[in-house]
Amino acid sequence: MKAWLAHPTHAELPLHARIQRAVRQLIVDGALGPGRPLPASRALARSLSVSRDTVEAAYSQLHAEGFIDRRVGSGSFVAEVKAFSTGQRVPRREALQRHKEPSLSRRGAAMSRSGGVREQLVPRPFAPGVPETRSFPLSLWERLERQVLKETGTQALLHGDPQGAEPLRRAIADYVNLERGARASADRVLVLTSSQQAMALCANMLLDPGDRIFIEDPAYYGARKAFDAAGLECVPIPVDDQGITVERILSQPPKAKAVFLTPSHQFPTGATLALDRRLALIEWAGKHQAWIIEDDYDSEFHYAGKPTACMQGLDPHDRTIYIGTFTKSLFPGLRIGYVVLPPQLVNPMTVARTLLDGHTASMAQLTLARFMEGGHFGAYVRAMRGIYSERLDTLAGLVRTHLSAFVEPRIPIGGLQMPCVLTCGLPECTAIDAARRVGVELLGLSGLHASGDGKAGFLMGFAAYTPIELDVAVRKLAGALQAAKSP
Ligand SMILES: Cc1ncc(COP(=O)(O)O)c(C=O)c1O
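These lines cover the structure that appears in this document, whether it is placed above or below.

Calculation criteria
- Every residue gets a number counted from 1 within its own chain, in the order that chain's sequence is written.
- The predicted nature of this model means local features are confined to residues of pLDDT at least 70 and side-chain atom pairs, given and counted, to a pLDDT of 80 or more, with totals for whole chains, interfaces and linings taken over all residues.
- Excluded from the side-chain calculations are hydrogens and water; all other atoms, namely the structure's heavy atoms, are used.
- Points on a 1 Å grid over protein atoms alone make up a cavity when a 1.4 Å probe fits among them but cannot get out, and a pocket when they form an open set with protein on both sides within 12 Å along at least five of seven lines; lining residues each have an atom within 4 Å of a point.
- Grid points are joined across faces, edges and corners, and a volume is the space filled by probe spheres set on the points.
- Going along the chain from the N terminus, every DSSP run of H or I of four or more residues is numbered as a helix, and every run of E of two or more is numbered as a strand.
- The source of the domain bounds is an automatic or database domain assignment.
- For two strands to be treated as a pair, DSSP must find no fewer than two bridges joining them.
- Contacts were defined at the residue level, with two residues in contact if any of their heavy atoms lie within 4.5 Å.
- Each axis is a line fitted through C-alpha atoms, and for a helix only the stretch in contact is used; angles between axes span 0 to 180 degrees, taken between their N-to-C directions.
- The rule for a residue being near a molecule or strand is that one of its heavy atoms must lie within 4 Å of it.
- In protein, a polar contact requires one atom able to donate a hydrogen and another able to accept it; more generally it is a pair of N or O atoms within 3.5 Å, and residues adjacent in sequence count only if both atoms are side-chain atoms.
- Accessible surface is estimated by sampling points in the Shrake-Rupley manner with a 1.4 Å probe; for residues, cover comes only from the protein chains shown.
- The cut-offs for exposure are 20% and 50% of the maximum accessible area for each residue type, with area from a 1.4 Å probe on protein chains only; residues under the lower value are buried, those over the upper are exposed, and the others partly exposed.
- One fewer than the residue count of a helix, multiplied by 1.5 Å, yields its expected span.
- Relevant arc is that of directions from the helix axis to the C-beta atoms, nothing else.

Side note on the layout of surface pockets
What the largest pocket holds in volume is close to 1000 Å³. The wall of the largest pocket is formed by 38 residues, among which V117, R118, E119, Y220 and Y221 lie closest to the centre. Of all the secondary-structure elements, those providing two or more residues to the lining of the largest pocket are α9 (195-206), α10 (221-229), α16 (428-437) and β13 (443-444). Split by domain, the lining of the largest pocket shows at least three residues from each of two domains, domain 2 (135-378) and domain 3 (381-485).

Now the structure itself:
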């Protein structure tokens, strides 16, 4: 009760009201049950170092509200509190907790059970997929934001175009055409808050519940959850060192209406989808009027030569939806992603997004547009590519030196994380738990396989951690795995 009284959020209330609310809370929570005696006002006043009048004022109010009974000569007692309309006893805390399960729709319950996609707020090595943010040029960003505000004035405070701010759509189209070999124009770009939102939109706008979608096996968990949440049937298709295998897709009698792909750096294997497979899938989509959902999430970070061009630019049938995001290339808190759409989808998808969130925040869009137009985006990505490539080399060297008795690294040619296969016989969950106990995060590989026949192993994110942080964490991990192996 003393803690409640001292809490800063209650500081505005007069003292007697604070005491009255604190006692009322204890009654409502069930900590003081019906019939329980309250301390005598003189005793409570002494223990709280307040005057007896103050406690009397609090008790009078509780009595007036029906929370307590006062009996002359014997003191104050918690009343039998009845719910006003039903006459039922007010549920106590335990009962409330027992009934906490909300009544959700089947879809809502499935979404809640999926656990969603929650990323770490303060990432620890080796949380995957996280870019370095500590060296981001914040003062430049702030200057550009001030320029935007100065030029747009209060206009930027009003609602914006649901399709996205035109300068940003133009900058994105120029970027994907030049760097990713896409065929885009500003009017085919839809600015969203994330690739996650893009996947949810595609799932709901292009397919019906029960429809099939081919997905990579293993696959990005965020995509699978988005498709599951929309009631789609995910059909897992094996991935090899050249990306998704296409034989089953091309010959599959139970047709699927779409395929989800990460062709640049397959998540999580890092494989690049071979050109002949890309062309075969494009032909399949054209022939069956199916959709290709291309998630190009981290293609900016390719370390060996130039990345292969995206599939969208190769598709003459306009069946590819290209998804991009600034979560990896800039910073996750920005919450800007986008899709490049076939012309016939621009209007329906834009309308659909208005039902979700209206539009992406205008200030962030306009600042990002300036960042891109001014050449800062290109320069920043080039600089980070160099840093990440060095960090990958560092991590690969450290794994070879300290972890060769436990894992085999699969060094990727791009991306922000490195897969490692466990070779020491430790179960994957044992390795992950042991790592977590020493402050090291690993994402298990086998959970990313729908078919359950994936190799045990884990992903090690490297981009967000300095060489020293990588070194410390690899040594900790080696100690933890050693201890787990010979407890
Ligand atoms: C394959 C893949 N796609 C998309 C994303 C998420 O991007 P966004 O933050 O834009 O939803 C991630 C993030 O880890 C990813 O690994």
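Examining the sheet that holds β13
A sheet is described by the order of its strands in space; here four strands give the open sequence β11-β12-β14-β13, paired in antiparallel fashion. Each of the sheet's edge strands pairs with one partner strand only, and the pair in question is β11 (407-409) and β13. Here helix α15 (residues 376-402) sits on the sheet in contact with β11, β12 (417-422) and β14 (457-461), set at roughly 15° to β12.

Details of the side chain of Q197
Mapped onto the secondary structure, Q197 falls in helix α9. When sequence neighbours within four positions are dropped, the list of residues in contact with Q197 reads L192, R353, L356 and D357.

Thoughts on the site of the ligand
Neighbouring residues of the ligand: S194, S195, Q196, M199, Y220, F267, D295, Y297, T325, T327, K328 and R335. One of the side-chain N or O atoms of D295 is found 2.6 Å from a nitrogen atom in the ligand. Between the ligand and T325 there is a distance of 2.6 Å, counted from an oxygen atom to a side-chain nitrogen or oxygen. Burial of the ligand by the protein chains amounts to 93% of its free accessible area of 400 Å².

Points about the environment of L138
Looking at where L138 falls in the secondary structure, it is placed in helix α7 (residues 138-152). Relative accessible area serves as the criterion here: at 60%, L138 is assigned to the exposed category.

A few points about helix α4 (residues 52-64)
With 13 residues, α4 ought to run about 18 Å at 1.5 Å a step, and its terminal C-alpha atoms sit 18 Å apart, in line with that. Buried within α4 we find T54, V55, A58, Y59 and L62. Seen along its axis, α4 keeps its buried residues to an arc of 130°; they face one direction. Looking at α4, the residues exposed on the side facing more than 90 degrees away from the buried face are D53 and A64. Contact partners of the buried residues in α4: α2 (15-28), α3 (41-48), β1 (68-71) and β2 (75-78). Looking one or two residues beyond α4, the residue adopting positive phi is G66, at roughly 90°.

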